[in-house]
Amino acid sequence: MIGSQLMTLGTSAQALAIGWEMYERTNDPLALGLVGLVQAIPMLLLTLPAGYLADIFDRRKLMIVSMFGTSLTSLGLAASSYYGGSNVLMYGLLLLDSSFIRLGWPARAAFLPLLVPRSAFENAVKWRSSLGQTSALVGPAIGGFVLAWSIPATYVMSALSTFAFMAMLLTIRISAQPTGSPAGMFEQIGEGLRFVWSQKLLLGATSLDLFGVLLGGAVYLLPIFARDILDTEAVGLSPEQAMGWLRSAPVAGAMLMALWLAHRPPLRRAGRAMLWAFAGFGAATIGFGLSTSFFLSLAMLFLTGVFDTFSVVVRQTLLQLVTPDHMRGRVSAVSAVFISSSNELGGFESGLVARLFGPVFSVVSGGVGTIVVVAVWSRLFPKLRDFGRLDEAKAD
């Protein structure tokens, strides 16, 4: 947990830096969209094979290889930034960085069940979420100040935090983990896809998250709002520092909600709570898009984090409790294709729409689209709408 939070702190600061640097270089909203696109490509191409690897190889070793690669690419980004490398080089390094992340992500997602018993798993997800949100809150806040001082230093910060996680991971002792047969990669990937499709509760929760993330890509446009729309100097902040606070606001909301959930008994009407939370996420996104006040914008982003945490807890708990352990790598990979790639593609969509129609229209239309998706999904997936306690989740 400690190592994971350190890495989250560093990588969230790096995400802040790359968006700021590319917008500073180009003054083009589409450059922010391309940041999302180059990260989405490895997610779409490599996540499912990585899930297969997580089910047949040692998950900890895969995580270490992945983190070593991302540390090197972070140092490469620092060198390219310092020496004025081309935009193509920056995007290329970001593509490589995302590829290494994809290699280890399913293994990392399937690692927690090896450490925590089933009876405590929902609470463990809540605590992991709250700790992760804490690091993701502190990361951009610190990153904003480091960014104002030196952009390359922010990338170095990310590399050092990942090295620290690698060192801590090597100290963990775990029992033998189940492994599948190395034969038939495509057949086993297909098995993971068929499993998710057959579990309508899991499919509904995952696909709802997909469209919510795809349409709610406001975070990718924060450099535009911090520099060009909000009057940050009136509150005594540089645009770089303001962007750090804006980036931290949804994480602050998510952290507080995760802490509250961690102290609550299991959700009794988890499906209905998830649908209402997504509607709230869409409404808060609309509020952020229409705001010209820095503090109101902070409040709206804070609420997006509050509402988003419901979906994270519900989806992650369902994913791990419904899925047999020998398939967790592949099913986690399927979920990652749904969620992570849609996050990055959502960034590209937001940047493209912002270039064509303006950033305000891009954010507001995304919020409206999220609310429409909630209304449709409540009809398409009645089992999700009527689902009760998370600790009673089981495969169909």
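Placed above this text is the structure.
Parameters and conventions
- Residues numbered from 1 in each chain as written.
- Predicted model: local features only at pLDDT ≥ 70, side-chain atom pairs only at ≥ 80, totals over all residues.
- Heavy atoms only, no water.
- Helix = DSSP H or I, 4+ residues; strand = E, 2+ residues; numbered from the N terminus.
- Buried < 20%, exposed > 50% of the residue type's maximum accessible area, 1.4 Å probe, protein only.
- Areas by Shrake-Rupley, 256 points an atom, 1.4 Å probe, with all protein chains shown as cover.
- Phe/Tyr/Trp six-rings, centres within 6.5 Å; stacked < 30°, edge-to-face > 60°.
- Contact = heavy atoms within 4.5 Å.
- 1 Å grid on protein atoms, 1.4 Å probe; cavity = no way out; pocket = protein on both sides within 12 Å on 5 of 7 lines; lining within 4 Å.
- Points joined across faces, edges and corners; volume = space filled by probe spheres on them.
- Nonpolar A, V, L, I, M, F, W, Y, C, P; charged D, E, K, R; others polar.
- Salt bridge = Lys/Arg side-chain N within 4 Å of Asp/Glu carboxyl O.
- Expected span 1.5 Å × (residues − 1).
- Bend = angle between axes of the 7 residues up to and from the residue.
- Core = buried A, V, L, I, M, F, W, Y, C linked by side-chain atoms within 4.5 Å.
- Axes fitted to C-alpha atoms, helices over the stretch in contact; angles between N-to-C directions.
- Parallel < 35°, antiparallel > 145°, perpendicular 65-115°, else oblique.
- Left-handed = near helix turned anticlockwise from the far one by under 90°.

## Quick word on the overall build of the chain
Looking only at helices and strands, the chain features 15 helices and zero strands. Burial analysis of the chain (396 residues in total) assigns 59% to the buried set. For the chain, the accessible surface area stands at approximately 16000 Å², while carbon and sulfur atoms represent 69% of it.

## Structural notes on the packing of aromatic side chains
Two numbers describe a pair of aromatic rings. These are the distance of the centres and the angle of the planes. Within this structure, the stated rule accounts for seven aromatic pairs. Seen in terms of ring centroids, F68 and F163 are 6.4 Å apart; in terms of plane orientation they differ by 70°. Their pairing is edge-to-face. Taken together, the positions of F68 in helix α3 (residues 59–82) and F163 in helix α6 (residues 151–169) put the pair 95 residues apart, joining distant regions of the chain. Judged by relative accessible area, which is 43%, F68 ranks as partly exposed.

## Structural notes on the side chain of T73
With respect to the helices and strands, the residue T73 is situated in helix α3. A relative accessible area of 3% means that T73 is categorised as buried. Sequence-distant contacts of T73, that is, excluding residues within four places in its chain, are made with L93, L96, D97 and F100.

## Here's the deal with empty space enclosed by the protein
If you walk through the whole model with that rule in mind, you get one cavity of 30 Å³ or more. The computed volume of the largest cavity comes to approximately 50 Å³. Lining the largest cavity we find D209, G212, V213, A277, F278, F281, F307, D308 and S311. Looking at the lining of the largest cavity, the elements with two or more residues in it are α8 (200–215), α11 (270–290) and α12 (294–322). When grouped by side-chain class, the residues that make up the lining of the largest cavity number five nonpolar, two polar and two charged.

## Structural notes on the pattern of salt bridges
Going through the model one piece at a time under the given rule, you end up with four salt bridges. One salt bridge in this structure joins R25 and E21, with 3.1 Å as the shortest N-O distance. In this pair, R25 and E21 both sit in helix α1 (residues 2–26), four residues apart, roughly one turn of the helix. For R227, the salt bridge goes to D228, with nearest N and O atoms at 3.1 Å.

## Observations concerning the environment of L115
Within the element layout of this structure, L115 appears in the loop between α4 (87–109) and α5 (121–149). Spatially, the C-alpha atoms of L115 and I172 are 9.7 Å apart, while their sequence positions differ by 57 residues. Setting aside residues no more than four positions away along its own chain, L115 makes contact with I172 and I174.

## Topic: unusual backbone geometry
Within the chain, N27 stands out as a residue other than glycine whose phi angle is a positive 55°. By secondary structure assignment, the location of N27 is in the loop between α1 and α2 (29–56). Here N27 falls in the partly exposed class, since its relative accessible area comes to 45%.

## Focus on the environment of R385
Within the element layout of this structure, R385 appears in helix α15 (residues 382–385). Excluding anything up to four places from it in sequence, R385 contacts G271, R272, L275, S378 and R379.

## Here's the deal with α4
Given a rise of 1.5 Å per residue, 23 residues ought to cover 33 Å, and the 32 Å separating the end C-alpha atoms of α4 matches this to within 8%. The largest bend along α4 measures about 30° and falls at L103, with the proline P106 one to four residues further on. Within the sequence span of α4, burial applies to M90, Y91, L93, L94, D97, S98, S99, R102, G104, P106, A107 and A109.

## Considerations on the nonpolar core
Formed by 38 residues in total, the largest nonpolar core has its most connected members in I18, L246 and F288. Going through the elements one at a time, α1, α2, α3, α4, α9 (222–229), α10 (239–262) and α12 are the ones with two or more residues in this core. Of the residues forming this core, the biggest block, six residues, is contributed by α1. Residues A205, L208, F381 and L384 belong to the second largest nonpolar core, which totals 21 residues.

## Here's the deal with the packing of α1 against α9
In the contact formed by α1 and α9, the axes pass within 9 Å of each other and the chain directions differ by 55°. What the angle tells us is that α1 and α9 run oblique. Of the two elements, α1 crosses α9, and the hand of that crossing is right-handed. When α1 is examined against α9, the residues G19, W20, Y23 and E24 are found in contact with a partner set consisting of P223, I224, R227 and D228. The class makeup of the residues in the contact of α1 with α9 is four nonpolar, one polar and three charged.

Don't take any of this as a statement about function, it's just geometry.
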